[in-house]
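Descriptive structure summary
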Amino acid sequence: SLVLFVVLVWQFWPVSGDPSLKKYVHNKPPVDIVFTSRTNTASFVAAAPEGEGYVYPGQELWQAPEGRLRVLTTQGTVRELTWNKPLPDGQLLIDVMSPSVSPDGQKVLFAGRKAAPDPGHFRLYEIRVDGSGLRQLTGGPDDPGCSALPPLRYRQAGDQTLLSEAERRTTDYDDVDPILVGENGPIVFASSRTPDFGRGHSRRSTTLWRMHLDGSDKRPITANRNNDRWPVMLSSGYVAFSLWSYNPEVITADGHEIRP
């Protein structure tokens, strides 16, 4: 009976939240709602910001000074999921974007970036909806990074010494907009791992990629010299996504070259 009492108390005990956010809650939702609170709306812009990013750490994409992953519970409380929670390596996430909940409702995939001295590019992370199990999915020591050399070249402005190819590949890219396709994967996400400026601008291209749950077999599944973003799993089994394109080029009739 004591065990049953403990289980019932644990299940029905009010979920604690941030008291300072209570004044913003107007209704109790029928289900928990996962969301981000950011200091700007950059993540809603389809096109990547312009900038060559030749100097370390490369071009910033869709960044905000601060971003938090939160959950609004059915009890009307708001809980922090990532803020001031150390990762296994001891580092903290200072900005997050593009969360998606797994089909079973147990996990949240999202893009996050760490505080300095980390380069600060977005990588993919996972956390359970109860706030446990925070772990990094991409950008680890075994991640090859970009499929080709990215624009990043120099350690600092005024220094023409080139960074190593390995450091450039594993630093200068962003992974965003992850979704879990089915209970067992794969994970589909948008990434600037296929570095390209296109023609007539300096925006980084982003294409859709896929990988297994363990992070293996990363490969692109779309091609765009501009920006593919926001994949969504459909009941048909297909993935819908947003394709933003500004393309002043055409393939010649013989298929041999591209011309303005």
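Residues numbered from 1 in each chain as written. Predicted model: local features only at pLDDT ≥ 70, side-chain atom pairs only at ≥ 80, totals over all residues. Heavy atoms only, no water.

Attention now moves to unusual backbone geometry. With an omega dihedral of 15°, the bond running from Ala116 to Pro117 counts as a cis peptide bond. Residue placement: Pro117 occurs in the loop between strand 5 (107-114) and strand 6 (123-128). That bond from Gly185 to Pro186 is cis: its omega, 10°, falls within 30 degrees of zero. Unlike most non-glycine residues, Ser98 shows phi in positive territory, near 50°. (Helix = DSSP H or I, 4+ residues; strand = E, 2+ residues; numbered from the N terminus.)

Here we come to a nonpolar patch on the surface. On the surface, Val232, Leu234 and Tyr238 cluster together to form a nonpolar patch covering roughly 310 Å² of accessible area. Turning to its location among the elements, Val232 is positioned in strand 12 (residues 227-233). You can call Val232 partly exposed: its relative accessible area is 45%. (Patch = residues over 30% accessible without salt bridge, like charges linked within 9 Å, V, L, I, M, F, W, Y side chains within 5 Å. Areas by Shrake-Rupley, 256 points an atom, 1.4 Å probe, with all protein chains shown as cover. Salt bridge = Lys/Arg side-chain N within 4 Å of Asp/Glu carboxyl O. Buried < 20%, exposed > 50% of the residue type's maximum accessible area, 1.4 Å probe, protein only.)

This part covers the sheet that holds strand 3 (residues 78-80). Strand order in the open sheet formed by three strands is 1-2-3, and the pairing between neighbours is antiparallel. Two strands in the sheet have a free side with no partner beyond their single neighbour: strand 1 (33-38) and strand 3. Each neighbouring strand pair of the sheet contributes to a mean axis angle of 35°, computed without reference to strand direction. Sheet topology places strand 2 (residues 67-72) next to strand 3; three bridges connect them, and they run antiparallel. Along strand 3, the bridge assignment pairs Arg70 with Glu80. (Pairing = 2+ DSSP bridges. Axes fitted to C-alpha atoms, helices over the stretch in contact; angles between N-to-C directions.)

For the rest of this paragraph, the subject is the pattern of salt bridges. Under the defined criterion, the tally for this structure stands at 19 salt bridges. Here Arg203 makes a salt bridge to Glu50, at a shortest N to O gap of 3.6 Å. Taken together, the positions of Arg203 in the loop between strand 9 (187-191) and strand 10 (207-211) and Glu50 in the loop between strand 1 and strand 2 put the pair 153 residues apart, joining distant regions of the chain. Between Asp172 and Arg204 there is a salt bridge, and its shortest N-O distance comes to 3.0 Å. Residue Asp172 is found in the loop between helix 2 (165-171) and strand 8 (175-180), and its partner Arg204 is found in the loop between strand 9 and strand 10; the two are separated by 32 residues along the sequence. Here the two residues Asp172 and Arg204 agree in accessibility, since each one is buried. Through salt bridges with shared partners, one network takes in Glu66, Arg68, Arg70 and Glu80.

Once that is clear, we can look at the side chain of Thr206. Secondary-structure assignment places Thr206 in the loop between strand 9 and strand 10. Of the residues examined, Thr206 reaches a relative accessible area of 1% and is grouped as buried. At 3.0 Å, the side chain of Thr206 forms a polar contact with the side chain of Asn227. In contact with Thr206, other than residues within four places in its own chain, are Trp62, Ser191, Ser192, Asn224, Asn226, Asn227, Asp228 and Arg229. (Polar contact = N/O pair within 3.5 Å; in protein donor to acceptor, adjacent residues only side chain to side chain. Contact = heavy atoms within 4.5 Å.)

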